[in-house]
Amino acid sequence: VFYTKPLSYRPAQPSSVHRHVVGRDVLSDVMVFDELDPRLTVDLRNTNCGEYVVITSASLNTTEVLYLSVLTPTADFQLLTPRVDGVRYYFEHRT
């Protein structure tokens, strides 16, 4: 199970993504993504087909997307393409 956590000083703004193993103590959860730029907001979702977990870190003028197959939930997220100022994009996978 993946979930987001907010910035301590902005509770409505997610800034990190964590992995939880059901049945284990929450203290053993692992942070898999941490957005250090407070101008960006982190979004966590599955693709429409349900095959990938997607982390999107975005602002009004830039986007960065990481993805992970649901078949390998303990693997590292893969960067789709590095963020570039002035470029926004969206990742979707359909079967």
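Residues numbered from 1 in each chain as written. Predicted model: local features only at pLDDT ≥ 70, side-chain atom pairs only at ≥ 80, totals over all residues. Heavy atoms only, no water.

This paragraph deals with the overall build of the protein chain. For the protein chain, the helix and strand inventory stands at 0 helices and 7 strands. Written out in order from the N terminus, the α and β elements of the protein chain read β-β-β-β-β-β-β. Computed over its C-alpha atoms, the radius of gyration of the protein chain comes to 14 Å, within 12% of the 12 Å expected for a compact globule of 95 residues. A principal-axis box enclosing the C-alpha atoms of the protein chain has dimensions of 40 × 40 × 20 Å. Relative to its 95 residues, the protein chain shows a buried fraction of 37%. For the protein chain, long-range pairs separated by at least 24 residues make up 36% of all intrachain contacts whose partners lie at least 6 apart in sequence. By element, 56% of the accessible surface of the protein chain is carried by carbon and sulfur atoms, the whole surface being about 6100 Å². Of note, the protein chain has its 9 positive side-chain charges centred 3 Å away from the centre of its 11 negative side-chain charges. (Helix = DSSP H or I, 4+ residues; strand = E, 2+ residues; numbered from the N terminus. Rg over C-alpha atoms; globule rule 2.2 N^0.38 Å. Buried < 20%, exposed > 50% of the residue type's maximum accessible area, 1.4 Å probe, protein only. Contact = heavy atoms within 4.5 Å. Areas by Shrake-Rupley, 256 points an atom, 1.4 Å probe, with all protein chains shown as cover. Lys, Arg positive; Asp, Glu negative; His and termini not counted. Charge placed at Lys NZ, Arg CZ, Asp CG, Glu CD.)

Glancing now at the side chain of arginine 19. For arginine 19, the location among the structural elements is in strand S2 (residues 10–19). Lacking a salt bridge, the buried arginine 19 has aspartate 76 as its closest oppositely charged neighbour, with an N-O distance of 5.3 Å. In terms of polar contacts, arginine 19 uses its side chain to reach the backbone carbonyl oxygen of threonine 74, at 3.5 Å. (Salt bridge = Lys/Arg side-chain N within 4 Å of Asp/Glu carboxyl O. Polar contact = N/O pair within 3.5 Å; in protein donor to acceptor, adjacent residues only side chain to side chain.)

Here the focus is the pattern of salt bridges. In the structure shown here, the tally under the stated rule is 4 salt bridges. When the shortest N-O distance is used, the salt bridge between glutamate 92 and arginine 45 registers 3.5 Å. Here arginine 45 lies in strand S4 (residues 41–46) and glutamate 92 lies in the segment after strand S7 (78–81), a separation of 47 residues in the sequence. Among the residues examined, arginine 45 registers a relative accessible area of 17% and is labelled buried.

By size, the foremost hydrophobic cluster in this structure holds 9 residues: Phe2, Val17, Phe33, Val42, Val53, Ile55, Leu66, Leu68 and Phe77. Contributing elements (two or more residues each) for this core: strand S5 (52–58) and strand S6 (63–69). In contact with leucine 66, other than residues within four places in its own chain, are Phe33, Val53, Val54, Ile55, Phe77, Gln78 and Leu79. (Core = buried A, V, L, I, M, F, W, Y, C linked by side-chain atoms within 4.5 Å.)

Bringing the sheet that holds S6 into the picture now. One open sheet accounts for 4 strands, arranged S4-S5-S6-S7; its pairing is antiparallel. Bordering the open sheet on either side are S4 and S7, each of which pairs with just one other strand. For this sheet, the mean inter-axis angle between neighbouring strands, taken without regard to orientation, is 25°. Direction of pairing for S5 relative to S6: antiparallel, over a ladder of 7 bridges. Counted as the bridge partner of alanine 58 is threonine 63 from S6. (Pairing = 2+ DSSP bridges. Axes fitted to C-alpha atoms, helices over the stretch in contact; angles between N-to-C directions.)

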